[in-house]
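# Structural overview
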Amino acid sequence: MFTKKSMYLLPVLVLLFLSLVTTASTAGTRAEAQGGAKIEHLTVYIHALQPAADGKLTLTADPIEWYEGVDADRVFAEREPEAAAEIGGALDDYYIVNDSTQLTTYQVADNAAVTMQIYDHTGKIEDLDISWNESISLQKFAAEFAKTDVFDLSQSPYHLTMENGEITSIVQQYTP
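Bear in mind that the values here come from a model prediction, so they are computed numbers and not experimental data. (Residues numbered from 1 in each chain as written. Predicted model: local features only at pLDDT ≥ 70, side-chain atom pairs only at ≥ 80, totals over all residues. Heavy atoms only, no water.)

### Describing the pattern of salt bridges
It is possible for side chains of opposite charge to pair when their charged atoms get near one another. In plain terms, the rule: Here a salt bridge means any side-chain nitrogen of Lys or Arg lying within 4 Å of a carboxyl oxygen belonging to Asp or Glu. Only DSSP runs of H or I reaching four residues or more are called helices, and only runs of E reaching two or more are called strands; each is numbered from the N terminus. Relative accessibility decides the category of a residue: with a 1.4 Å probe and only protein chains considered, values under 20% of the type maximum give buried, values over 50% give exposed, and everything between is partly exposed.
Summed over the entire model, instances satisfying the criterion amount to seven salt bridges. For the salt bridge of lysine 56 with aspartate 110, the shortest nitrogen-to-oxygen distance reads 3.5 Å. One end of the pair, lysine 56, is in the loop between strand 3 (37–51) and strand 4 (57–68); the other, aspartate 110, is in strand 6 (residues 104–118), with 54 residues separating them in the sequence. A relative accessible area of 22% means that lysine 56 is categorised as partly exposed. Across the pair aspartate 71 and arginine 74 runs a salt bridge whose closest N-O atoms are separated by 3.7 Å. Placement of both aspartate 71 and arginine 74 in helix 2 (residues 69–79) is noted, with a separation of three residues, approximately one turn of the helix. Here aspartate 71 falls in the buried class, since its relative accessible area comes to 19%.

### Focus on the nonpolar core
This is how the line gets drawn: Side-chain atoms within 4.5 Å link the members of a nonpolar core, which is a set of buried Ala, Val, Leu, Ile, Met, Phe, Trp, Tyr and Cys residues. Whether two residues touch is decided by their heavy atoms; if any such pair falls within 4.5 Å, the residues are in contact.
Within the largest apolar cluster, 24 residues are counted, with the highest numbers of intra-cluster contacts made by Ile46, Leu59, Phe141, Tyr158 and Ile170. Put simply, the parts of the chain that give this core at least two residues each are strand 3, strand 4, strand 6, helix 4 (138–146), strand 8 (157–163) and strand 9 (166–172). Among the elements that line this core, the one with the most residues is strand 6, at six residues. When sequence neighbours within four positions are dropped, the list of residues in contact with isoleucine 170 reads Ile46, Leu59, Ala113, Val114, Thr115, Leu138, Phe141, Tyr158, His159 and Leu160. Counting eight residues, the second-largest nonpolar core is a separate cluster that includes Tyr67, Phe76, Ala84 and Tyr95.

### Focus: the environment of tryptophan 132
Note that tryptophan 132 resides in strand 7 (residues 130–136). Along the sequence, tryptophan 132 and methionine 116 sit 16 residues apart, while their C-alpha atoms lie 6.9 Å from each other. Those residues within four positions of tryptophan 132 in sequence are excluded, and the remaining contacts are Met116, Gln117 and Tyr174.

### Details of the pairing of strand 4
Test applied: Strand pairing is assigned whenever DSSP detects at least two bridges linking the two strands.
Within strand 4, nine of the 12 residues are buried, which leaves the element mostly enclosed by the surrounding structure. Where strand 3 and strand 4 come together, eight bridges link them in antiparallel fashion. Residue proline 51 lies in a different strand from strand 4, and its bridge partner there is leucine 57. Between the end of strand 3 and the start of strand 4, which pair antiparallel, lie five residues, with glycine 55 showing a positive phi angle near 90°.

### Topic: helix 4
Applicable threshold: The arc in question is the one traced by the directions running from the helix axis out to the C-beta atoms.
Buried residues of helix 4: Leu138, Phe141, Glu144 and Phe145, and no others. The arc that holds every buried residue of helix 4, seen down its axis, measures 125°, which confines them to one face. Those residues of helix 4 that are exposed and aimed more than 90 degrees away from the buried face are Gln139 and Ala146. Lining the buried residues of helix 4 we find strand 3, strand 4, strand 6, strand 7, strand 8 and strand 9.

### Some thoughts on the environment of histidine 47
Mapping histidine 47 onto the fold places it in strand 3. Excluding residues within four positions of it along the chain, histidine 47 makes contact with Thr60, Ala61, Asp62, Leu103 and Phe145.

### Notes on the pairing of strand 8
Burial within strand 8 is extensive, with six of its seven residues counted as buried. In this sheet, strand 8 lies alongside strand 3 in antiparallel orientation, the contact comprising seven bridges. Its bridge partner lying in strand 8, threonine 43 is registered against histidine 159. Here six bridges tie strand 8 to strand 9, and the two strands are oriented antiparallel to one another. Bridged to histidine 159 within strand 9 is valine 171. In this antiparallel pair of consecutive strands, strand 8 and strand 9, the connection spans two residues, and asparagine 164 shows a positive phi of 50°.

Here's what the structure looks like:
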């Protein structure tokens, strides 16, 4: 039998479970098939955004492994046992593995969605602030990525979604 208090708690627990299932980790590349389209998800550091000969934008990136929560603690303990013993777990609840320096170039769809967490809005460091899940155009992202004086966007990890080999979504991962 549900009490009045548990009726309020149930949706919170369901949301928490769904959040854990969908964000537990994004290690490497995940691929899936959806409606005939091959969809891949990968996490990267972006090194360059450049126009290609055909006028499309290309993105050159270094794929990384992104871990959160207990997965981050586990990988941190495996890779840095002394530090893990001293501090207990991954700092800020995430851990990045970047064992390869190989860069890969991808084509970006003209209508790719870009979602940012933090970037330079004004040119003043004192105005730099988080704006969660802010949508900006691909053209604005390319222009902001080229600026490095206030906030260097190449230092942020990004979650990419690719459909049939073309990037359709770029989501900046905030790191404290």
